[in-house]
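Listed here are the chains, written in short residue letters.
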Amino acid sequence: MPAVAASPAPEVTRRGSQTAVPCLFMRGGTSRGPFFDARLLPEDAGLRDAVLLAAMGSPDARQIDGVGGGHPLTSKIGLVRPASAAGADLEWTFAQVQPDGRTVDTSSNCGNMLAAVVPFALETGMITAAGDRTTARVLTLNTGMVAEITVATPADRAGTRHVAYEGAARVDGVPGTASPVEIGFLDTAGSVTGSLLPTGRTRDTLDVPGLGPVDVTLIDNGQPLAIVAAGRLGATGYESPSEIDADQELRDRVEALRLVCGEAMGLGDVSARNYPKMTLVAPARHGGTLSTRSLIPRVCHQSIGVLAAVTAATACVLDGSVAHELATAVRGTDPTVSVEHPSGSFDVTLARDAADPRRVTRSALLRTARLLMAGDVLVPRSVWDPAPTAQEKSA
C-alpha cells in the first residue's frame, strides 16, 4: 500500500478580484471534471457548494462562465483527502452538478470519476508511489463504499516515479488507448438504499400513471437502478442517445416510471434527485450479455456509468429479474458479464458467494484516467474569500 504523505495541502490564494483554488482537471473513465483537495474548501457545506457551483458555471445550460461542459457527464467534481480512519488510504466525495441546476448532489456515486482519485492523490503528493504498480484503498464518503484501485507508477531515468497515462487499455466511449486503472469494488450492495434488492424481490410490478402495470427490477449494487424492458416503454433498446433525448414522449414515460420506482425503493420523492438511474434493456446485439440504454436520469448516457454497469451486470445473474429474462445465459461462480451500451460494451467480472449465488462479494473492472490540466480554478471573491485583509474585516 502507498504511504500517505505528510506534506501540507497547497494554499488557496487571491488573483485580483477572484479567489484561486488549486485544482487538477481530470478525465475519469467516460466522465471528466475538476478535482480538489477537500481540505482546501470551506467546511460549511453550503459555502462549499456555492464555490463548486461558481467554479462549474451553474446554473446555466452551457455553463459558459465556468469549467463545466454543459452535460451531466462533464459536470462532475471530485473532492479527495487523506483517510481519517484505518481501513482506507484516501477518502473522496463525488459531487454531481446539473448544468442548469442550483444544487450540488453528494448522495450518489460515480465509478468513472473514481478512476481518477488515485492518480490525483499521487499527482498532488497526497500519497506516494509504492513500486511499479501502486494500489490504494479508497473510501467513498457518499455511500461508505470501499474500492481497491491500482495504477501504473513506473520510474523515469532519474528513478522518480510518476503516474503512467499512456498504455494499451481501451475503454469504449473514450477515444484511443491509455494506461489501465484496475478497480475492485468490495461489497457494494445497498450503497444508497441499504440492500441489494430494496423491495426484497427480483421483480416488481408497479402501477404507473399513464402506463398501467410495468414490470421492473429495482436493484442497488453500487448505484440504485430501475431496470425495465425497453419494449414496455415503446422503445427498442437500440436507439442512439440523441434519438432518446429527442423523444420527449419516451422521456416523459421514463420519468413517470422513475418517480414511482423511487417511492418503491424507499427513496421518497426523487423528482429533484439524480437517482434511481433508469436502465432500458434489450437482448444483446453484438455478442455481449445484455443491451442497455441508461438515463442519468433525464438524458441518455453516451455509454453507461461504472456502478450502473456493475448493478446491471448483477441483475443479469439474478433469476427472475427483468435483465436475467433478456440476457444471454451467464454461467459460473465468477462470471464476466458484458454490458452493451451505445458506445460499445463494458465487461464486469463478478465474484459470487458459492453458498449464496445471489450475493456478489466483489466486482472487478478496468477504466482509464488522464490528467488534462493543472492550475487554479477561479471564483469571485464575493462567493468565497478565505483570507480577507484586516482592513476588510473592520469594514
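All residue numbers here refer to positions counted from 1 along the written sequence of the relevant chain. pLDDT decides what is reported in this predicted model: residues at 70 or higher carry local features, side-chain atom pairs at 80 or more are listed and counted, and totals for whole chains, interfaces and linings draw on all residues regardless. Think of the side-chain values as coming from all heavy atoms in the structure, minus any hydrogens and water.

Q: Would you mind going over the pattern of salt bridges with me for this structure?
A: Should their charged atoms come close, side chains of opposite charge can pair. Only one rule defines a salt bridge in this text: a Lys or Arg side-chain nitrogen within 4 Å of an Asp or Glu carboxyl oxygen. Summed over all chains, the structure comprises 13 salt bridges. When the shortest N-O distance is used, the salt bridge between Asp-37 and Arg-39 registers 2.7 Å. Among the residues examined, Asp-37 registers a relative accessible area of 6% and is labelled buried. Salt-bridge contacts for Arg-201 lead to Asp-204; the nearest nitrogen and oxygen are separated by 2.6 Å. Throughout this description, buried means an accessible area under 20% of the type-specific maximum (1.4 Å probe, protein chains only), exposed means over 50%, and partly exposed covers the range between. Taking the relative accessible area as the measure of exposure, Asp-204 reaches 6% and is therefore buried. Three or more residues are tied together by salt bridges with common partners; here these are Arg-14, Arg-381 and Asp-385.

Q: I keep staring at the packing of aromatic side chains and nothing clicks. Help me out?
A: Two aromatic rings, taken as a pair, are described by how far apart their centres are and by the angle between their planes. Note on aromatic contacts: the rings of Phe and Tyr and the six-membered ring of Trp form a pair at centre separations within 6.5 Å, being stacked when their planes are under 30 degrees apart, edge-to-face when over 60 apart, and tilted otherwise. For the coordinates displayed, the defined rule picks out three aromatic pairs. For the ring pair Phe-35 and Phe-120, a centre distance of 5.8 Å and an interplane angle of 35 degrees mean the geometry is tilted. Within this pair, whereas Phe-35 is found in strand E4 (residues 31-37), its partner Phe-120 is found in helix H3 (residues 117-123), the two being separated by 85 residues in sequence. Phe-120 matches Phe-35 in its accessibility class, with the two residues each being buried. Geometrically, the ring pair formed by Trp-92 and Phe-94 is tilted, given 6.1 Å between the ring centres and 45 degrees between the ring planes. Its relative accessible area of 2% is what places Phe-94 among the buried residues. Taken together, the ring pairs connect Phe-35, Trp-92, Phe-94 and Phe-120 into an aromatic cluster. We note Arg-285 situated over the ring of Tyr-238; from NZ or CZ to the ring centre the distance is 3.7 Å. What counts as a helix is a DSSP run of H or I of at least four residues, what counts as a strand is a run of E of at least two, and both are numbered from the N terminus. Working rule: Lys NZ or Arg CZ, within 6 Å of ring centre, within 35 degrees of ring normal, means a charge sits over the ring.

Q: Got a minute to help me understand the nonpolar core in this structure?
A: In globular proteins that are soluble, nonpolar side chains generally tend to be buried together. In this description, a nonpolar core means a group of buried Ala, Val, Leu, Ile, Met, Phe, Trp, Tyr and Cys residues linked to one another through side-chain atoms lying within 4.5 Å. Among the nonpolar cores identified, the biggest contains 60 residues, and Leu-90, Leu-114 and Phe-185 are the most heavily contacted of them. By residue number, the principal contributor to this core is helix H6 (residues 306-316), which donates nine residues. Within the second largest apolar cluster, 24 residues are counted, among which are Leu-206, Ala-235, Leu-267 and Tyr-275.

Q: Mind showing me how you'd approach helix H1 (residues 45-56) here?
A: Note: α-helices contain 3.6 residues per turn, so residues at a spacing of three or four share the same orientation. When the terminal C-alpha atoms of H1 are compared, their 16 Å separation across twelve residues agrees well with the 16 Å that a helix rising 1.5 Å per residue should span. Listed as buried for H1 are Arg-48, Asp-49, Val-51, Leu-52, Leu-53, Ala-54, Ala-55 and Met-56. Note on contacts: a residue pair qualifies if any of its non-hydrogen atoms lie within 4.5 Å across the two residues. Considering only its buried residues, H1 is in contact with E4, strand E5 (76-82), strand E6 (90-97), strand E7 (104-105) and strand E19 (356-380). Whenever two N or O atoms come within 3.5 Å, that pair is a polar contact, provided that in protein one can donate a hydrogen and the other can accept it, and provided that, for residues adjacent in sequence, both atoms are side-chain atoms. The N-capping residue of H1, defined by a side-chain oxygen 3.2 Å from the backbone nitrogen of Gly-46, is Asp-44. In this analysis, the expected span of each helix is defined as 1.5 Å times one less than the number of residues it contains.

Q: Mind showing me how you'd approach the pairing of E6 here?
A: Two faces belong to every sheet, and in a regular strand the side chains alternate between them. For E6, a buried count of eight out of eight residues is recorded, marking the element as mostly surrounded by other parts of the structure. Residues Leu-90, Trp-92, Phe-94 and Gln-96 of E6 are buried on one face, and the alternating residues Glu-91, Thr-93, Ala-95 and Val-97, pointing to the opposite face, are buried as well. Any two strands with at least two DSSP-identified bridges between them are counted as paired. Alignment of E5 against E6, held across seven bridges, turns out to be antiparallel. What sits directly across from Lys-76, in E6, is Gln-96. Bridge count between E6 and strand E9 (residues 133-140): three bridges; the pairing is parallel. The residue bridging Leu-90 from the neighbouring strand is Val-138, located in E9. By the bridge criterion, two bridges tie E6 to E7 in an arrangement that is antiparallel. Bridge assignment links Val-97 to a residue of E7, and that residue is Val-104. What sits between E6 and E7 in their antiparallel hairpin is a turn of six residues.

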